[in-house]
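Chain residues, written in single-letter form:
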Amino acid sequence: MIEAEVHLSLHNFLRSQAGFPSWPHHLTMARLVARALRLGRSALIQVGAVCGYQGRYRTSFVASALMWHGPVTIVAPEAVQQRLLRVEIPRLQQWLPANKPIRTGDAWPGSEFRGLLLTSPEAWLKGLLAGNDSFPQGIPTIIDGVDDLEDWVRDQLTQEIRPYDWEQLMLACPHQAEVIREARVQLTREMFQHPANPYECYLITQPETEILNRLYLDLDQTGLPDSWKQFWQQFHHSYENSAPHRPIPTSPPLFWATIDRRQGLFSLHYAPIELGKILSPIWQRQPVVLIGSALEPETEASLFRQRLGVEDVTCLRFSADSQGEAIQLYLPHKLPLPNTPEFQAAFIHKVRTLLCLSATASGLTVVLVGDVPLKSRVGAILASEFGSRVQVEKTCLDENGILISGWEYWRDHQTVLPAPQLLIIATLPLPSLENPLVAGRVAHYKRSHQDWFRLYLLPAALNELQRAIAPVRESQGIVALLDSRVVNRSYGAQILAALSPLARINYLDPSLFSQTNQEDAAND
């Protein structure tokens with residue numbers, strides 16, 4: 001069987017590679033992927049946050065894909081594709097008994113192709129969601145990095161009306177140009193009455209909806225630009241179903257606007273909230289192997305699967321290395337809660353203390369601040385005291401630099417930065433209800449009488465938190481989590497469980513940052 005062949009060949013390959021990054025689960029993962037290919041049965045694999053950050057697991061599934069006799073698609077971001085093409089695949093091809101052709105592209109090369117195709121999530125999802133034949137049915141597909149799958153799908157399904165689309169609409173409907181222009185002026189007036197927020201986006205309100213509906217009724221719907229056809233189709237369906245005499249649909253789309261206040265422009269957007277029903281037919285087209293780092297604490301990842309419509313799959317979750325991946329977690333008890341006026345001053349004072357105590361230690365320090373105004377303030381205050389060591393969301397850093405960053409920036413750039421010795425976290429990465437898009441999704445859960453915190457906010461925070469601290473596990477550094485909700489709220493136990501393995505400390509001492517102390521803590 002292919003499982004035995006992959007196991008033996010990969011075992012011999014790993015033994016031959018002096019200095020190859022060790023991971024104890026290579027053979028288990030390779031066998032499971034090979035089994036999925038042989039049986040045509042889908043699988044969901046969680047490799048762990050550290051392994052996901054390092055990418056060690058990719059050797060396993062690439063070996064199975066190369067040795068499988070039939071065609072295979074690997075869906076991965078461009079950076080991962082380049083790693084596979086330049087490192088993983090050539091290294092394995094020199095050793096494994098496989099001579100499979102390799103291609104990259106945005107569509108399947110042709111019915112006769114029996115090799116391995118590498119494609120991007122955007123291309124793969126675009127083809128399948130559009131229902132075209134760019135990716136035929138039945139070809140086993142391995143999707144790498146499914147921690148971001150929900151965002152990838154929602155990005156593909158988001159429809160937009162940009163400022164230039166209004167010009168295109170007027171060109172397509174010259175006899176109604178004045179009506180279109182007046183509607184745009186009215187919308188601009190309404191949009192810019194919204195108070196400013198850090199996200200510069202706003203859910204579309206009832207007066208704005210009425211303006212759009214009047215424009216819809218005034219327009220001749222034939223001969224419209226494609227962007228407007230798609231927009232009106234979705235908008236009119238939502239508007240009709242949300243009228244007082246109609247029941248609210250189970251899954252209305254999320255409509256919002258983004259504003260450029262400096263230029264006086266706005267864009268309209270809509271996207272589905274529920275993705276499961278949309279994606280369920282895709283998973284039935286072919287067997288898929290979904291690979292993520294830390295989707296959920298449970299092996300079955302039931303919430304992830306429910307949100308994305310993944311049903312009958314074999315689930316596997318690899319445990320963390322309790323020795324090599326332990327962190328020291330500083331968790332103070334008496335800090336003010338993040339939603340109190342006293343928090344900002346107490347947080348900045350604690351950051352100063354940590355930076356002063358770690359001044360003699362080498363290595364990068366990262367301060368993660370999700371609140372946009374607080375991030376700017378912290379950057380300015382620390383730069384006035386620590387000079388050019390402090391940078392706000394930049395990758396050009398001194399050897400002992402201090403990076404002030406939001407969660408998204410850190411997630412996108414952590415692989416190109418050195419692993420920090422000290423990671424300071426201001427607050428848990430719970431999606432903010434001040435973000436209109438988060439508020440819109442929470443409203444959907446409330447309409448459905450579902451536990452929006454347990455089903456949406458907390459899983460999102462756990463996933464973000466585990467991925468953020470993965471580089472610190474590699475350096476066996478210190479994480480300072482300055483959000484006292486971990487201590488004072490019932491869900492704090494779930495946060496601590498997700499952060500394990502760890503050594504918890506509640507005191508500060510310069511010796512904490514000595515190399516000897518960190519090595520001793522890691523060995524405890």
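An unreviewed UniProt entry lists the chain under the name ATP-dependent helicase C-terminal domain-containing protein, with Cylindrospermum stagnale PCC 7417 given as the organism.

Here, UniProt's "domain: ATP-dependent helicase C-terminal" (unreviewed entry) annotation points to residues 421–501. In residues 421–501, helix accounts for 59% and strand for 10%; the two terminal C-alpha atoms are 17 Å from one another.

What follows concerns the packing of helix 1 (residues 2–16) against helix 2 (residues 26–39). The contact between helix 1 and helix 2 brings their axes to 9 Å, and the two run at 150°. Taken together, the axis directions place helix 1 and helix 2 in an arrangement best described as roughly antiparallel. Pair helix 1 / helix 2 crosses with right-handed handedness. Of the residues in helix 2, those in contact with I2, E3, V6, H7, L10, H11 and L14 of helix 1 are H26, L27, A30, R31, A34, R35 and R38. Broken down by class, the residue content of the contact of helix 1 with helix 2 amounts to seven nonpolar, three polar and four charged.

Another point: the nonpolar core. By size, the foremost hydrophobic cluster in this structure holds 40 residues, and its most contacted members are M29, V47, F61, I74 and I142. At the level of elements, helix 1, helix 2, strand 1 (43–46), helix 4 (58–67), strand 2 (72–75), helix 5 (78–93), strand 4 (116–119) and strand 10 (288–292) are the ones that each hand at least two residues to this core. In terms of residues, this core owes the most to one element, helix 2, which gives eight residues. Among all residues touching V47, those that are not within four sequence positions of it are W23, M29, G52, Y57, I291, G292, S293 and F318.

So, on to the domain arrangement of the chain. Segmenting the chain into domains produces domain 1 (2–140 + 286–317), domain 2 (157–272) and domain 3 (327–513). Using only C-alpha atoms to locate each centre, domain 1 and domain 2 end up separated by 41 Å.

Time to look at the packing of aromatic side chains. Within a pair of aromatic rings, the relevant descriptors are the distance that separates the centres and the angle that separates the planes. Using the criterion set out here, one finds 17 aromatic pairs in the structure. Their ring planes at 40° and their centres at 5.3 Å tell us that F255 and Y270 sit as a pair that is tilted. Taken together, the residues F255 in strand 8 (residues 254–260) and Y270 in strand 9 (residues 265–271) connect sequence positions 15 residues apart. With a relative accessible area of 12%, F255 lands in the buried category. Overall, Y270 belongs to the buried group, its relative accessible area being 5%. Seen in terms of ring centroids, Y445 and Y456 are 5.9 Å apart; in terms of plane orientation they differ by 15°. Their pairing is stacked. Placement of Y445 in helix 17 (residues 436–447) and of Y456 in helix 18 (residues 452–475) is noted, with a sequence separation of eleven residues between them. Each member of the pair, Y445 as well as Y456, is classed as buried. Three or more aromatic residues link up through ring pairs in this structure, and these residues are W166, Y216, W228, F231, W232, F255, F266 and Y270. One residue, R103, lies across the ring of F113, its end atom 5.8 Å from the ring centre.

Any empty space left between atoms is shown by rolling a water-sized probe over those atoms. All chains considered together, the criterion is met by four cavities of 30 Å³ or more. Put simply, the largest cavity is a space of about 110 Å³. Taken together, 13 residues make up the lining of the largest cavity; nearest its centre are S358, A361, S362, G363 and T365. For the lining of the largest cavity, the per-class residue count stands at five nonpolar, seven polar and one charged.

Its 16 residues give helix 5 an end-to-end C-alpha distance of 21 Å, which sits within 8% of 22 Å, the value for a rise of 1.5 Å per residue. Where helix 5 bends most, the angle comes to about 45°, and this point is L84. Regarding helix 5, the residues found buried are V80, Q81, L84, E88, I89 and L92. Looking at the packing, one finds that the buried side of helix 5 touches helix 1, helix 4, strand 2, strand 3 (102–104), strand 4 and strand 5 (141–144).

Below, the discussion takes up the side chain of H194. On the secondary structure map, H194 appears in the loop between helix 9 (177–191) and strand 7 (201–203). Side chain to side chain, H194 and E208 meet in a polar contact 2.8 Å long. When sequence neighbours within four positions are dropped, the list of residues in contact with H194 reads Y202, L203, T205, E208 and R261.

The geometry of helix 18 relative to helix 20 (residues 492–499) is characterised by a closest axis approach of 9 Å and an angle of 35° between their N-to-C directions. Between helix 18 and helix 20 lies a crossing whose hand is right-handed. Residue-level inspection shows L458, L462, L465, Q466, I469 and R473 of helix 18 in contact with helix 20, the latter providing Q494, I495, A498 and L499. Its residues assigned to classes, the contact of helix 18 with helix 20 comprises seven nonpolar, two polar and one charged.

Turning next to the confidence of the model for the chain. For the chain, the mean per-residue pLDDT works out to 90, and 94% of the residues sit at or above 70. Per-residue pLDDT stays below 50 along residues 243–250; that stretch engages in eight contacts with residues further than four places along the chain or on separate chains.

Along the polypeptide, H444 turns up in helix 17. Take H444: its relative accessible area is 2%, and that puts it in the buried class. The spacing of H444 and L254 is 190 residues in sequence and 9.2 Å in space, taken between C-alpha atoms.

The subject of this paragraph is a negative patch on the surface. A cluster of acidic side chains, namely E122, D151, D155, E408 and D412, defines a negative patch on the protein surface. The set of elements that each furnish at least two residues to the negative patch consists of helix 7 (149–157) and helix 16 (407–413). Turning to its location among the elements, E122 is positioned in helix 6 (residues 121–130).

A cis amide bond, omega 5°, links S500 with the succeeding residue P501. Mapped onto the secondary structure, P501 falls in the loop between helix 20 and strand 18 (502–505). Non-glycine residue E393 carries a positive phi angle of around 50°. In this fold, E393 is placed in the loop between strand 14 (390–392) and strand 15 (402–405). According to the relative accessible area criterion, E393 is partly exposed, its value standing at 26%. For Q476, which is not glycine, the phi torsion reads 50° and is therefore positive. As for its position among the elements, Q476 is in the loop between helix 18 and strand 17 (478–481).

The rules we used
- Residues numbered from 1 in each chain as written.
- Predicted model: local features only at pLDDT ≥ 70, side-chain atom pairs only at ≥ 80, totals over all residues.
- Heavy atoms only, no water.
- UniProt positions renumbered as here; feature names shortened; annotations may be inferred.
- Helix = DSSP H or I, 4+ residues; strand = E, 2+ residues; numbered from the N terminus.
- Axes fitted to C-alpha atoms, helices over the stretch in contact; angles between N-to-C directions.
- Parallel < 35°, antiparallel > 145°, perpendicular 65-115°, else oblique.
- Left-handed = near helix turned anticlockwise from the far one by under 90°.
- Contact = heavy atoms within 4.5 Å.
- Nonpolar A, V, L, I, M, F, W, Y, C, P; charged D, E, K, R; others polar.
- Core = buried A, V, L, I, M, F, W, Y, C linked by side-chain atoms within 4.5 Å.
- Buried < 20%, exposed > 50% of the residue type's maximum accessible area, 1.4 Å probe, protein only.
- Domains from an automatic or database assignment.
- Phe/Tyr/Trp six-rings, centres within 6.5 Å; stacked < 30°, edge-to-face > 60°.
- Lys NZ or Arg CZ within 6 Å of the ring centre and 35° of its normal.
- 1 Å grid on protein atoms, 1.4 Å probe; cavity = no way out; pocket = protein on both sides within 12 Å on 5 of 7 lines; lining within 4 Å.
- Points joined across faces, edges and corners; volume = space filled by probe spheres on them.
- Expected span 1.5 Å × (residues − 1).
- Bend = angle between axes of the 7 residues up to and from the residue.
- Polar contact = N/O pair within 3.5 Å; in protein donor to acceptor, adjacent residues only side chain to side chain.
- pLDDT = per-residue confidence, 0-100.
- Patch = residues over 30% accessible without salt bridge, like charges linked within 9 Å, V, L, I, M, F, W, Y side chains within 5 Å.
- Areas by Shrake-Rupley, 256 points an atom, 1.4 Å probe, with all protein chains shown as cover.
- Salt bridge = Lys/Arg side-chain N within 4 Å of Asp/Glu carboxyl O.
- Lys, Arg positive; Asp, Glu negative; His and termini not counted.
- Charge placed at Lys NZ, Arg CZ, Asp CG, Glu CD.

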